[in-house]
Structures are given as structure tokens and as C-alpha cells.
Amino acid sequence: MNRRNGRKEVILDLTSLLDVIFIVLLIVMSRQQLLADKTVLTEEELNSKISEQEAMTESANAAYEMYTEQLETFENINNYAPNVVIYSDYMLYDPTERIVRVKFGDADITEIGYLYSLNTDSTFELLADELREFVALNEDKPILVSLNAGETGILYRDEVAILAIINDLRADFPNIYVK
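Everything in this summary refers to the structure shown in the same document. The residue numbers shown here count from 1 along each chain, following its written sequence. With the structure being a predicted model, the display of local features is reserved for residues of pLDDT at least 70 and the display and counting of side-chain atom pairs for 80 or more, all residues being used for whole-chain, interface and lining totals. For the side-chain quantities, the full set of heavy atoms in the structure was used; hydrogens and water were omitted.

## Things to note about the nonpolar core
Then, in step 1: Among the nonpolar cores identified, the biggest contains 22 residues, and Val 84, Ile 86, Leu 127 and Leu 131 are the most heavily contacted of them.
Then, in step 2: Elements are defined by DSSP. Helices are runs of H or I of four residues or more, strands are runs of E of two residues or more, and each kind is numbered from the N terminus. For this core, the secondary-structure elements that each account for two or more residues are strand 1 (83–90), strand 2 (98–104), strand 3 (109–115), helix 3 (120–137), strand 4 (143–147) and helix 4 (156–172).
Then, in step 3: The dominant element in this core, judged by the number of residues it contributes, is helix 3, at five residues.
Then, in step 4: Not counting chain neighbours up to four residues away, the residues in contact with Leu 131 comprise Val 84, Ile 86, Phe 104, Ile 165 and Leu 169. Only buried Ala, Val, Leu, Ile, Met, Phe, Trp, Tyr and Cys residues count toward a nonpolar core, and they belong to the same one when joined by side-chain atoms within 4.5 Å. Relative accessibility thresholds used throughout: buried, under 20% of the residue-type maximum; exposed, over 50%; partly exposed, between the two (1.4 Å probe, protein chains only). We call two residues in contact when some of their heavy atoms are within 4.5 Å.

This is the structure we're talking about:
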């Protein structure tokens, strides 16, 4: 009866194989669930890291703005507080021959004059006039005056004379500050 056209029919029983398939399916599904849990955990960590980075970026942007403002202030400092640099030095070959140079704010260096042992009064008067004119133009702003005082390039008597000129100006203009 099992024979049709002279062949034997083979009956396959897959019932035991179904158990194996369900076990494999259960393992695959549980593995997928574990990966999904790790992904959710990773997304939470990523969101935390992103919020930390956004806070750091915001802080860096604020610092950048502050440094930009400070740089702009430094670049335009002469608009807010003009400065005067006075430099007096002597010639190495002859210490009795000295020169006084002044730089007013952003202007170029001006040679006020040469000091010789006999003509110091005229040069110091010219320096006082130049300083008085500059201070009068900027009397609503603080003025910082710098002198190469205490350095080896200036003679002590020149330093005393220039500081006396500055102190005389400070008596008339309280906005002068000496560095």
C-alpha cells in the first residue's frame, strides 16, 4: 500500500526538530532584547554626554566672547586711557650727550631734543610743554605716564628732572598716573 509506482515513500517526522527551532528562536529573541537594553542605556549615556558637551560649548563661547571683548579693549586702550612713554638715554661714547624721546598714545616716537651739559633747560621746557598740551587735550581721561626710571639707560639727574615735570603736571591735572 505504501508503494506507488514502485517507489517507497519516506516519512519525515519533524516534531523533535520543532523543539530545537523554538529554543534557537528563544535564544535569538533574548539576545535581541539584551542588545536593545544596551542600546537604550547607550542612548541615555549619549544624551548625558551631549548635554555635558553643550554646557562646555556654552561655557567656551562665553569665554571666547569675554576674551574678544578684552582684546578689543586692549587694541583700543588709547581711546579710553591714553599713555605717554618717555625715554631718556645717554650716548655710550659720551654720557654728557643724552636724548629724550616721547611717544604719545598711538603716535610715532618724537625726539624732544638732545641734552647736553649746558642746554638741559630748553629741552626739559619743551618736554613740559608737549606733555601739558597732550594732557590738556585728554583731561577727561586717565593718562598713564611711563618713564624708563631706574634703568641703566637714564642718568639719575635726568630721571629726577623728568619726574619733577610730571609731578608739576599732576598738581594741575589729577588724571595723570605714573607707572
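From this point, the discussion proceeds with the structure in view.
## Regarding the side chain of Ser 88
Then, in step 1: Here Ser 88 shows up in strand 1.
Then, in step 2: Setting aside anything within four residues of it in sequence, one finds Ser 88 in contact with Ile 99, Val 100, Leu 115, Asn 148, Gly 153, Ile 154, Asp 158 and Ile 162.

## Thoughts on the packing of helix 3 against helix 4
Then, in step 1: In this description, a line fitted to the C-alpha atoms serves as the axis of each element, helices being fitted only across the stretch in contact, and the angle between N-to-C directions of two axes falls anywhere from 0 to 180 degrees. Between helix 3 and helix 4, whose axes approach to 10 Å, the crossing angle comes to 35°. The handedness of the crossing between helix 3 and helix 4 is right-handed. On helix 4, the residues touching Phe 124, Leu 127, Ala 128, Leu 131 and Arg 132 of helix 3 are Asp 158, Ala 161, Ile 162, Ile 165, Leu 169 and Asp 172.
Then, in step 2: Amino acids outside the nonpolar list (Ala, Val, Leu, Ile, Met, Phe, Trp, Tyr, Cys, Pro) and the charged list (Asp, Glu, Lys, Arg) are all regarded as polar, and Gly is one of them. When grouped by side-chain class, the residues that make up the contact of helix 3 with helix 4 number eight nonpolar, no polar and three charged. In this scheme, a crossing is called left-handed if the near helix is turned counterclockwise away from the far one by less than a right angle; it is called right-handed if the turn is clockwise.

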